[in-house]
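# Close look at the chain arrangement
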Amino acid sequence: MATSAPLDRFDIAILDILQTDNTTPQRVIAQAVNLSAPAVQRRIQRLQASGVIRANVAVLDPEKVGKPLTIIVEVHLENERPDRTAPLRARMAAEEAVQQCHSVTGEADYLLVVTVASMADYDALTRRLFEGDDNVRRFRTSVSLGCLKAGLRVPLDTP
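Computed from a predicted model, the values in this text were never measured in an experiment. (Residues numbered from 1 in each chain as written. Predicted model: local features only at pLDDT ≥ 70, side-chain atom pairs only at ≥ 80, totals over all residues. Heavy atoms only, no water.)

## Observations concerning unusual backbone geometry
How we decide: A run of DSSP states H or I qualifies as a helix once it reaches four residues; a run of E qualifies as a strand once it reaches two. Both are numbered from the N-terminal end. Here the term buried applies to any residue with accessible area under 20% of the maximum for its type, exposed to any over 50%, and partly exposed to those in between, with areas from a 1.4 Å probe on protein chains only.
One non-glycine residue, asparagine 34, lies in the positive phi region at around 65 degrees. Tracing the chain through its elements places asparagine 34 in the loop between helix H2 (26-33) and helix H3 (37-49). The class for asparagine 34 is exposed, based on a relative accessible area of 68%.

Here it is in structure tokens:
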């Protein structure tokens with residue numbers, strides 16, 4: 001990954017548009033930010049190559065694709081040594097149902113956001129992730145009753 005240059009006001013404006021709708025045509029972006037379409041294309045390519053833009057994805061409604069349950073899981077470990085956590089970290093990273101995995105401070109060691117079709121699926125997931133791992137002391141489950149806000153938009157400051 002290339003080293004990223006500081007973001008200027010054009011980069012910020014482009015990123016703001018792409019965060020709202022990454023299918024916006026480059027000519028429309030160019031007009032909105034007062035640059036040429038080729039200049040916008042070069043900037044977007046640079047932002048992708050430098051890792052500022054990590055992915056271009058469609059954000060799905062889990063309920064409409066048969067995964068109506070969102071579950072937040074606190075994972076508590078016995079030992080945080082990298083050699084002891086590596087197998088669990090690999091399983092969590094590989095697991096499609098794990099939408100987010102955060103290493104956190106406080107009582108828990110990890111917070112997971114999981115999307116599944118049913119509690120039976122969640123039970124099977126917990127067995128895949130935690131069963132037989134003597135470094136997992138315990139995990140605590142909170143089932144989401146409803147989502148007030150979900151997003152991936154990063155607040156941007158204009159330079």
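## Remarks on the pattern of salt bridges
A side chain of one charge can pair with a side chain of the opposite charge if their charged atoms are brought near each other. Convention followed: We count a salt bridge whenever a side-chain nitrogen from Lys or Arg sits within 4 Å of a carboxyl oxygen from Asp or Glu.
Within the structure shown, the criterion is met by 11 salt bridges. As a salt-bridge pair, arginine 46 and aspartate 11 come within 2.7 Å of each other at their nearest N and O atoms. Pair noted here: arginine 46 is in helix H3 and aspartate 11 is in helix H1 (residues 9-20), with a separation of 35 residues, a long-range link. Looking at arginine 46, the relative accessible area reads 30%, which means it is partly exposed. In this structure aspartate 11 comes out as buried when scored by relative accessible area, which is 1%.

## Some thoughts on the side chain of asparagine 135
Quick reminder of the rule: Distance and chemistry together define a polar contact, namely a pair of N or O atoms within 3.5 Å, with one atom able to donate a hydrogen and the other to accept it when in protein, and with adjacent residues in sequence counting only for side-chain atoms on both sides. Residues count as neighbours in contact if any of their non-hydrogen atoms are within 4.5 Å of one another.
Mapped onto the elements of the fold, asparagine 135 is located in the loop between helix H5 (119-130) and strand S4 (136-143). A distance of 2.8 Å separates a polar atom in the side chain of asparagine 135 from the backbone oxygen of asparagine 79. With residues up to four places along the chain from it excluded, the contact list for asparagine 135 reads His76, Leu77, Glu78, Asn79, Arg84 and Thr85.

## Notes on the nonpolar core
What counts, and what does not: Put simply, buried Ala, Val, Leu, Ile, Met, Phe, Trp, Tyr and Cys residues joined by side-chain atoms within 4.5 Å make one nonpolar core.
Counting 17 residues, the largest nonpolar core has Val73, Val75, Leu88, Leu112, Val114 and Phe130 as its most contacted members. Apart from the residues lying within four places of it in its own chain, the contact partners of phenylalanine 130 are Val73, Val75, Leu88, Leu112, Val136 and Phe139. Grouped together as the second largest cluster of nonpolar side chains are 10 residues, Leu18, Ile29, Ile44 and Ile53 included.

## Some details on the pairing of strand S2 (residues 98-103)
Our working rule: Pairing between two strands requires that DSSP report at least two bridges joining them.
The pairing of S2 with strand S3 (residues 110-116) spans 5 bridges and is antiparallel. Its bridge partner lying in S3, histidine 102 is registered against leucine 111. Hairpin connection from S2 to S3: 6 residues lie between these consecutive antiparallel strands, with glycine 106 at a positive phi of about 105 degrees.

## A word on the packing of H1 against H3
Stated precisely, the cut-off is as follows: For every element, the axis is a line fit to its C-alpha atoms; helices are fit only across the contacting stretch, and the angle between N-to-C directions ranges from 0 to 180 degrees. Between 65 and 115 degrees an angle is taken as roughly perpendicular, under 35 as roughly parallel, over 145 as roughly antiparallel, and anywhere else as oblique. Side-chain classes are defined by residue name, with Ala, Val, Leu, Ile, Met, Phe, Trp, Tyr, Cys and Pro counting as nonpolar, Asp, Glu, Lys and Arg as charged, and the others, Gly among them, as polar.
Packing of H1 against H3 leaves a shortest axis separation of 11 Å and a crossing angle of 80 degrees. Compared by their axis directions, H1 and H3 come out roughly perpendicular. Listed contacts from H3 to Phe10, Asp11, Ile14, Leu15 and Leu18 of H1 are Val40, Arg43, Ile44, Arg46 and Leu47. Here the residues of the contact of H1 with H3 are counted per class, giving 7 nonpolar, no polar and 3 charged.

## A short note on the side chain of aspartate 109
Under the convention used in this document: Charge assignment: positive for Lys and Arg, negative for Asp and Glu; neither His nor the chain ends contribute.
By the secondary structure assignment, aspartate 109 is in the loop between S2 and S3. For the buried aspartate 109, which has no salt bridge, the nearest side chain bearing the opposite charge is arginine 137, at an N-O separation of 4.9 Å. Here leucine 77 takes part through its backbone nitrogen, which lies 2.7 Å from a polar atom of the side chain of aspartate 109.

## So, a nonpolar patch on the surface
Using the following cut-off: Patch membership requires over 30% relative accessible area and the absence of a salt bridge. Like charges are linked within 9 Å, and nonpolar side chains (Val, Leu, Ile, Met, Phe, Trp, Tyr) within 5 Å. Areas reported as accessible are Shrake-Rupley estimates using a 1.4 Å probe. Residue values count occlusion only from the protein chains shown.
On the surface, Val57, Val59 and Leu152 cluster together to form a nonpolar patch covering roughly 340 Å² of accessible area. With respect to the secondary-structure elements, valine 59 resides in the loop between H3 and strand S1 (69-77).

## Notes on the packing of H2 against H3
It is the contact of H2 with H3, at a shortest axis distance of 8 Å, that shows an interaxial angle of 100 degrees. Considering their axes alone, H2 and H3 lie roughly perpendicular with respect to each other. For the pair H2 and H3, the contacting residues are Gln26, Arg27, Ile29, Ala30 and Val33 in the first and Ala37, Val40, Gln41 and Ile44 in the second. Per-class residue counts for the contact of H2 with H3 are 6 nonpolar, 2 polar and 1 charged.

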